[in-house]
Structures are given as structure tokens and as C-alpha cells.
Amino acid sequence: MIHSVTPAQAGIREEAIQRFMAAMKRDGVNLHSVIMMRGENIFFEKYWAPFTKDTIHRMYSVTKSFVSIAVGCLLDEGKIALSDPIIKYFEDKLPDQVHPFLAEQTIEDMLTMRTCFAEGPGWFQPHVQDRTAFYFNQKPAKIPGTLFYYDSTGSYILGVLVERVSGMGLLDYLKEKVLNHLGGFESAQLLKTPDGTPWGDSAMVCTPRALLNFAKFVMNKGTWEGKRLLSESYLTKAISSITDNNLTGSGHYNGHGYGYQIWRSEKNSFCFNGMGSQFAICMPDQDFIFVCTADTQLTSDRDSPSIFRNVFNLVESEIEGKSALPNLNESLSLSVARGKKHSDFEKSIQGKTFLCDENPMGISSFRLYWNAKGCGCLCYQNAQGEKQLPFGMKENVFGKFPQLGYSDEYGNVHEMTDFKYDCAASAGWVEEKKLQIRVQIIDRYFGILIINIGFKDENRCSLRMVKCAEDFLNEYNGWLNAEAK
């Protein structure tokens, strides 16, 4: 049973909450509600007029986490398996020729955002009435089960899957299995797509208190008031980091991993994340939950990180009692790639030649090598010929970036000379079968290139390059798929 208490009764100083609210006001975060809970006790709850505790609120992509729970319920009932190909349940919506990547895509691939699709057309187009058929007729971009890409349309398909398998409406099924036990969802709604199917990737509408109850249920790993409603094994995986979702190597608030339609964040926390800063941040180690609703669509790149940073600052100062400061005498060096120095998997791909399909980078093949000292090399063939990019494992190797034709003394002048930019390259295994290479151009021109290679097995992989540079590295941006010859 959830109670309301004062901050002091929850072990939180009122001054800490005042600092949090001052930071939100200073940053101009357009909040609609904030709830903070520790244990079973709500110690802070505020609504910005005209919103109240009874106002139902669009939760946007938080809806995906609800769909994940519905999928877990189907799994508990033995009605599906995570290894099932998704096309098994949608034969009436498939194109005449099913792409091999789509044919092997599983329910688990979709839960973890490792589908075969990437950067495809959105469904917000006047001619798209049957969103389900639209999904299965897109052109695949990568091997499923390899690299993360936020495929919102795939989450929608999982919602339709729930309705097809359960024989009930998505929200009705969720209420019967879980939500009615939690309470607070009597007024909840789930908007629909043009053809009447559930808008399962974006359109749950409920009160912030209802979302708080849902977050507590998930943090309890499937129990509510002593009754088990969903298997602990499913939720343990759902809130874990199954796939690395940080394709740029940055320390972004939502780049700490991804489970089953649930985001990981720092301090061993997980969260439900909806457009416009609809958040439920769950911190099991501190028994703390933060819920907010807002509309920060105009300023989300600034405001969403601000919300997370200030929530973690509050918890760190009040619950953890930490105030770590850097050692100013510490020697510093250039940053390196994330991940681990070694993976047993690297032995199975050492020196193999992978032939690439047609791709924006014009790379026809590549090989990976590691020497006895643990340093590696990416050898690849592009329009300029054979290239070699040496890298250190969790340390930088300094050398020359192999591409020719970039500007030197005169900006925007591209001439084929022997001139090459100085660079630092490092790498790390961010998953057992996923290597991330970080290249930093450190010449008079600066830029960063992140190369993610996700292996399905020792013979197949998908690769994504992400570059950030003013007027170069343009040949190193996009996706490709490759097979060992």
C-alpha cells in the first residue's frame, strides 16, 4: 500500500527537493507533474495547473514498456516464444517475397530494438492506413539481432501481436493480467491507428499516479502486494542491459543499454522513456522512483538530460551521501572507446574476410586482426583501395587516418595528395559479439568517427558508421551488411 509522507520521513531533506525544483525552473523545463517515491512512500508530488493528479496524460513511448509487459504475460501463458519469427503471426500481411532478414527476425529481436529495419520511412503519411502491412513491406537494412536501432514501428507490431494471440484488446489484456491489480488505470485509454489497431508504441494515456504504480510493479519484478502477476525471470531480463544502445560512444542519459522495451540508465537504474520527457526512473538499489510528465518536445535535447542529471544528483547527495570530486593533480589523456579489452569471440573472426553488400560508404570488404600485444587493425577496401586503420584495445593508437583527399591549408578544397589527418583510434567489446571502434581526428581539423560492428555469428555481421565532422568523413556514414567469404 502506497502512502504519502513528508520528505523528512523518507530521509530526504526539503532543501534537496528545493534545489531540484530550482534547477527545473532555471533550465525552463516545461513540466506538468513530478512524483518522488522511496519505498512505499510518496514524499513529493506536484502538478502544474491545469494538470491535477486525476488528469490523464499522453505517455508517448512509455507505452512500449507496457507492451513489453503484455508480451511477458503471453510468454508466461506459453502462447509465444521469444525465439518465434514474427512473420509466423502475420502471414496475411506479408509481401509476396519475404526478405531473408525479415524472415529470421524474432520477437526478442523486436523487444531489444535489434530488428532488421533502420532509418526507414515513418508511418505518418496520408496513404498509410494499414500500418501493419506497411511495416512488413519496408526494406530491411541490417541483419536482425546485431545492432541497436530505435524501431518504434516494431514496438507497434508487438502490440498488434498481443491482440492477435490473446484475442483481446491490448489495454483490456493488460488490465486483466496486471493493471487492474495495481489500481489507478480505471480512466486509462489507448489511442488507435487509422485501421483501429492499438497504437502500442506511443499512445497510452493515464495518470502519473498510475504510471508510478506500474513502475513500482516492474521494480518489484512482477509482484504487487505480495501477489505474483508476472514471472521474475522475464522482468529480470527486461530491465537488464541486453543490447548496447550507445552507437556514438557518448555518455548520454539514455545510452546505458536497453532491455525489453525498457531503457537502462546510470546508477544501476532503468527507466520508461516517452517523447517530451515522460519518464519513470527506477533505482532499485536506492528503492527510489521518480515520475514526471511534461512537454519538452521543443527543447528535449537540453531538458531530458537536465531532468536525469538533477534526479541523480538528488539521490547521490541525499540517499548515497556522496560528494566525489576529481583529483586536480591527476594526469589526463585523450578518451578511449567503451567496452572490454577482450572477447572470446574475437578468435573466431581473426583475419576473416567479410564481403560487404552495396553500401553508402563504398566499402567492398574488410578484415579484423589482433596482434600479440592486443592491438588491432581494421583493414578495408573502398573506392581509394586498400586501407588500414590500426587501433588499441581500450587505449589509443596514434597514427594517420587512411583516407585521402581531405582539406589541408585551404578549407573546402579537396585534392588527391599524400596528406592524411593525424588520428587516435581505440576499440572495445561493448557486447560479446559487438565491437565499437572510436576514431578521433586530432589535426588542425577535428572530428570523430564511431564504427559499430555487430556479429550475428562468426560469418555474418552488420556494421554502422556514425561521423561527426565539419567537411570530411562523409564517406564514413551509414549501414552495411557483410558475410565471410
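Scroll up to find the structure this text is about.
Keep in mind it's a predicted model, so treat the numbers as computed, not measured.

Draft legend 1. Highlighting the sheet that holds strand S6 (residues 204-206). An order of S4-S6-S5 is seen for the 3 strands of this open sheet, with the pairing classed as antiparallel. A strand with exactly one partner marks an edge of an open sheet, and here the two such strands are strand S4 (57-58) and strand S5 (189-190). Pairing between S5 and S6: 2 bridges, direction antiparallel. In the strand pairing of S6, Leu190 is matched with Met204.

Draft legend 2. Molecular detail of the side chain of Lys467. Summarising the element assignment, Lys467 is placed in strand S21 (residues 460-469). Buried charged residue Lys467 carries no salt bridge. Nearest counter-charge: Asp471, at 7.2 Å. For Lys467, the side chain forms a polar contact with the main-chain oxygen of Phe472, separated by 3.3 Å. When sequence neighbours within four positions are dropped, the list of residues in contact with Lys467 reads Ile448, Leu449, Phe472, Leu473, Asn474, Tyr476 and Asn477.

Draft legend 3. Looking closely at unusual backbone geometry. Between Ala49 and the following residue, Pro50, the backbone shows a cis peptide bond with an omega angle of 10 degrees. Along the chain, the position of Pro50 falls in the loop between strand S3 (41-47) and S4. For Lys221, which is not glycine, the phi torsion reads 55 degrees and is therefore positive. Of note, Lys221 is situated in the loop between helix H8 (208-219) and strand S7 (223-224).

Draft legend 4. Structural view of the packing of aromatic side chains. All told, the structure shown has 33 aromatic pairs when counted by the stated rule. Taking 6.1 Å as the distance between ring centres and 55 degrees as the angle between the ring planes, the aromatic pair formed by Phe124 and Trp199 counts as tilted. Of this pair, Phe124 sits in the loop between helix H4 (107-111) and helix H5 (131-136) while Trp199 sits in the loop between S5 and S6, placing them 75 residues apart in sequence. Aromatic side chains Tyr253 and Phe279 sit 6.1 Å apart centroid to centroid with 75 degrees between the ring planes, which places their arrangement in the edge-to-face category. One end of the pair, Tyr253, is in the loop between helix H9 (232-238) and strand S9 (263-265); the other, Phe279, is in strand S11 (residues 278-283), and 26 residues separate them in sequence.

About the criteria used
- Residues numbered from 1 in each chain as written.
- Predicted model: local features only at pLDDT ≥ 70, side-chain atom pairs only at ≥ 80, totals over all residues.
- Heavy atoms only, no water.
- Pairing = 2+ DSSP bridges.
- Helix = DSSP H or I, 4+ residues; strand = E, 2+ residues; numbered from the N terminus.
- Buried < 20%, exposed > 50% of the residue type's maximum accessible area, 1.4 Å probe, protein only.
- Lys, Arg positive; Asp, Glu negative; His and termini not counted.
- Salt bridge = Lys/Arg side-chain N within 4 Å of Asp/Glu carboxyl O.
- Polar contact = N/O pair within 3.5 Å; in protein donor to acceptor, adjacent residues only side chain to side chain.
- Contact = heavy atoms within 4.5 Å.
- Phe/Tyr/Trp six-rings, centres within 6.5 Å; stacked < 30°, edge-to-face > 60°.

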